[in-house]
Amino acid sequence: MSTETIYHNPVLIETCDYLRFPHISTVVDATAGEGGHSVRLAQDMQPGSTLVLVDAVPERLEIARRRVSDYPVQCILITGNFRRLAELLKERGIEQVDGVLYDQGLSSADLVSDRGFSFQRDAPLDMRRDETASRSAADLLRELSQAELARIFRDLGDEKWAVPIARAIVRTRKLHPITRTSELKALVERVVPRHAWPPDVHVATRVMMALRYAVNDDINAIKESIRGIVPLLRPGARVVVLSYSSTEDRAVKVVLRELESPCTCPKKLPCVCGRKPLIRVLTRRGIRPTPEEVERNHRARSAVARVAERITNA
Ligand SMILES: C[S@@+](CC[C@H](N)C(=O)[O-])C[C@H]1O[C@@H](n2cnc3c(N)ncnc32)[C@H](O)[C@@H]1O
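Predicted model only: the values in this text are computed from it and were never measured.

*Asks:* What am I meant to see in helix H10 (residues 218–229) here?
*Replies:* Helical geometry: 3.6 residues make up each α-helical turn, so side chains three or four residues apart lie on a common side. Compared with an ideal rise of 1.5 Å per residue, which puts 12 residues at 16 Å, H10 spans 16 Å between its outermost C-alpha atoms and is within 8% of the ideal. Turning to H10, its buried residues number three or more, namely Asp218, Ile219, Ala221, Ile222, Ser225, Ile226 and Ile229. Seen from one end, H10 has its buried residues packed into an arc of 160°, which puts them on one side. Packed against the buried residues of H10 are helix H3 (85–91), strand S4 (97–103), helix H6 (146–157), helix H9 (205–216), strand S5 (233–243) and helix H11 (246–260).

Here it is in structure tokens:
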């Protein structure tokens, strides 16, 4: 039997090149996971540089640390939610950084965990990534109104069948609570007519994704994190964000636009609000994986990366 460890296969690894600097630098992998991107970052950093590894799941950070230990960089591990990234760094005396990478979404370890992130494995509908999430997915399915559930599926999952699915959940929970991934999967399969099933993903994918975002407040977390970290970027420093759904990517685009064009004054009048651009977006259309990458790594199919650079506005 092979003893080779299979790690999460990193997506759009070449985006790490945006965080390659010819000088000693401090770079943050805000979603280090098992360190796929961290290894690539460490490979390209000047000796004596600092690589900060952040993740909500501490066991993964240990794996990431082991994998980058071959490179001459100082490694700092931070277990925590990236929503508070700027504070987490400042608490450790890090006031300025040269680069930050966010690789949102699920790792391969999440998919096989018993937290119920994926319907491919029957498990309790928990989905909490860390203790910052108070209510599990099963709690939300039990406690929220039909309208609230429908809003989650529509706004966070772009689910066209949001209302019928929410109605079926409310009807079902009167008979018994919905507590397992297999139950929710079967419910969505029953509600959405076969001809309306998406061709490329399972019919329950969007509902599961929306619930995960709701449980962990993921979309606000990424927005708050980017807003908080940009002031810590040195001029010329960069932030790279990988998204795996239109919901994630929309949030990233909104916050980057807000930081790039913060002035709220009418276009034809001189600026009186005094808000200056903090960043310049380097990837107008986003970076997408090649067909070869998607062929090799199915998880890459929905990925899009956006990169922004801190500018001086003195
Ligand atoms: C897609 S995986 C990252 C994989 C990693 N880039 C690699 O190549 O191995 C996403 C990771 O981010 C972590 N994560 C997601 N949201 C987070 C958050 N708000 N705060 C901290 N970690 C988070 C997850 O625990 C997971 O390990």
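Here the narrative resumes, following the displayed structure.
*Asks:* Before we go on, may I ask you to explain the site of the ligand in this structure?
*Replies:* As a matter of local geometry, the ligand sits amid 23 residues, with His37, Asp55, Arg60, Phe82 and Asp103 nearest to it. A distance of 3.0 Å is found between a nitrogen atom of the ligand and a side-chain nitrogen or oxygen belonging to Asn81. Between the ligand and Phe82, the relevant distance is 2.8 Å, taken from a nitrogen atom to a main-chain nitrogen or oxygen of the residue. A total of 610 Å² of accessible area belongs to the ligand in isolation, and the protein chains cover 99% of it. Here the shell around the ligand is composed, by residue class, of 6 nonpolar, 11 polar and 6 charged.

*Asks:* Hey, could you run me through the pattern of salt bridges in this one?
*Replies:* Close approach of charged atoms lets side chains of opposite charge pair. By the definition in use, this model includes 24 salt bridges. Across the salt bridge formed by Glu143 and Arg135, the nearest N and O atoms sit 2.7 Å from each other. Overall, the relative accessible area of 41% leaves Glu143 in the partly exposed class. For Arg135, a relative accessible area of 35% puts it in the partly exposed group.

*Asks:* Teacher, can you tell me more about a positive patch on the surface here?
*Replies:* Positive charge collects at one region of the surface, where Lys253, Arg257, Arg285 and Arg288 lie side by side. In this fold, Arg288 is placed in the loop between strand S6 (279–281) and helix H12 (291–296).

*Asks:* What am I meant to see in the packing of aromatic side chains here?
*Replies:* Aromatic ring pairs are defined here through the distance separating the ring centres and the angle between the ring planes. This structure, assessed with the given rule, holds 1 aromatic pair. Plain terms: the ring middles of Phe82 and Tyr102 are 5.3 Å apart, the flat faces sit at 80° to each other, and that makes the pair edge-to-face. One end of the pair, Phe82, is in the loop between strand S3 (74–79) and H3; the other, Tyr102, is in strand S4, and 20 residues separate them in sequence. Both residues of the pair, Phe82 and Tyr102, belong to the buried class. Here the guanidinium or amino end of Arg67 rests over the ring plane of Tyr7, the centre of that ring lying 3.8 Å away. If you follow Arg299 out to its NZ or CZ, it ends over the ring of Tyr244, 4.5 Å from the centre.

*Asks:* How should unusual backbone geometry be read in this particular structure?
*Replies:* With the exception of glycine, the majority of residues adopt a negative phi angle, and the majority of peptide bonds are in the trans configuration. One non-glycine residue, Asp158, lies in positive phi territory at about 50°. When you line up the elements, Asp158 lands in the loop between H6 and helix H7 (162–175). Phi at Asp217 is positive, roughly 50°, even though this residue is not glycine.

*Asks:* How should the packing of H10 against H11 be read in this particular structure?
*Replies:* When two helices pack together, you describe them by how their axes are tilted relative to each other and by the distance separating the axes. At their nearest, the axes of H10 and H11 sit 9 Å apart, and the two run at 25° to each other. Here H10 lies roughly parallel to H11, going by the angle between them. Between H10 and H11 lies a crossing of right-handed hand. Taken together, the residues of H11 that come into contact with H10 (itself represented by Ile219, Ile222, Lys223, Ile226 and Arg227) are Thr247, Glu248, Ala251, Val252, Val255, Leu256, Glu258 and Leu259. Partitioned by chemical class, the residues of the contact of H10 with H11 number 8 nonpolar, 1 polar and 4 charged.

*Asks:* Would you take a moment to explain the domain arrangement of the protein chain for this structure?
*Replies:* For the protein chain, the assigned domains read domain 1 (13–109 + 218–310) and domain 2 (134–216). For domain 1 and domain 2, the distance between their C-alpha centroids amounts to 30 Å. Both faces considered, domain 1 and domain 2 share a buried interface measuring about 830 Å² in area, 41% of it formed by carbon and sulfur atoms. Between domain 1 and domain 2 we count 1 salt bridge in total. For Asp158, the salt bridge identified is with Arg250, shortest N-O distance 3.3 Å. Elements with a contribution of two residues or more to the side of domain 1 that touches domain 2: H10 and H11. When residues of the side of domain 1 that touches domain 2 are assigned to their parent elements, the largest contribution, 4 residues, is made by H11. Per-class residue counts for the side of domain 1 that touches domain 2 are 2 nonpolar, 4 polar and 5 charged.

*Asks:* What am I meant to see in the sheet that holds S6 here?
*Replies:* Each strand in a sheet pairs with another by means of backbone hydrogen bonds, the pair being arranged parallel or else antiparallel. Reading across the sheet, the 7 strands line up as S3-S2-S1-S4-S5-S7-S6 and stay open at both edges, with mixed pairing between neighbours. Edge strands, defined here as strands with exactly one partner in the open sheet, are S3 and S6. For this sheet the average axis-to-axis angle between neighbouring strands, irrespective of direction, equals 15°. Sheet analysis places strand S2 (residues 50–55) next to S3, joined by 6 bridges and oriented parallel. Bridge assignment links Asp55 to a residue of S3, and that residue is Thr79. Here H10 sits on the sheet and contacts S4 and S5; the angle it forms with S4, its principal contact strand, is near 170°.

How each quantity is defined
Residues numbered from 1 in each chain as written. Predicted model: local features only at pLDDT ≥ 70, side-chain atom pairs only at ≥ 80, totals over all residues. Heavy atoms only, no water. Helix = DSSP H or I, 4+ residues; strand = E, 2+ residues; numbered from the N terminus. Expected span 1.5 Å × (residues − 1). Buried < 20%, exposed > 50% of the residue type's maximum accessible area, 1.4 Å probe, protein only. Arc of directions from axis to C-beta. Contact = heavy atoms within 4.5 Å. Near = heavy atom within 4 Å. Polar contact = N/O pair within 3.5 Å; in protein donor to acceptor, adjacent residues only side chain to side chain. Areas by Shrake-Rupley, 256 points an atom, 1.4 Å probe, with all protein chains shown as cover. Nonpolar A, V, L, I, M, F, W, Y, C, P; charged D, E, K, R; others polar. Salt bridge = Lys/Arg side-chain N within 4 Å of Asp/Glu carboxyl O. Patch = residues over 30% accessible without salt bridge, like charges linked within 9 Å, V, L, I, M, F, W, Y side chains within 5 Å. Lys, Arg positive; Asp, Glu negative; His and termini not counted. Charge placed at Lys NZ, Arg CZ, Asp CG, Glu CD. Phe/Tyr/Trp six-rings, centres within 6.5 Å; stacked < 30°, edge-to-face > 60°. Lys NZ or Arg CZ within 6 Å of the ring centre and 35° of its normal. Axes fitted to C-alpha atoms, helices over the stretch in contact; angles between N-to-C directions. Parallel < 35°, antiparallel > 145°, perpendicular 65-115°, else oblique. Left-handed = near helix turned anticlockwise from the far one by under 90°. Domains from an automatic or database assignment. Buried area = accessible area lost by both parts, 1.4 Å probe. Pairing = 2+ DSSP bridges.

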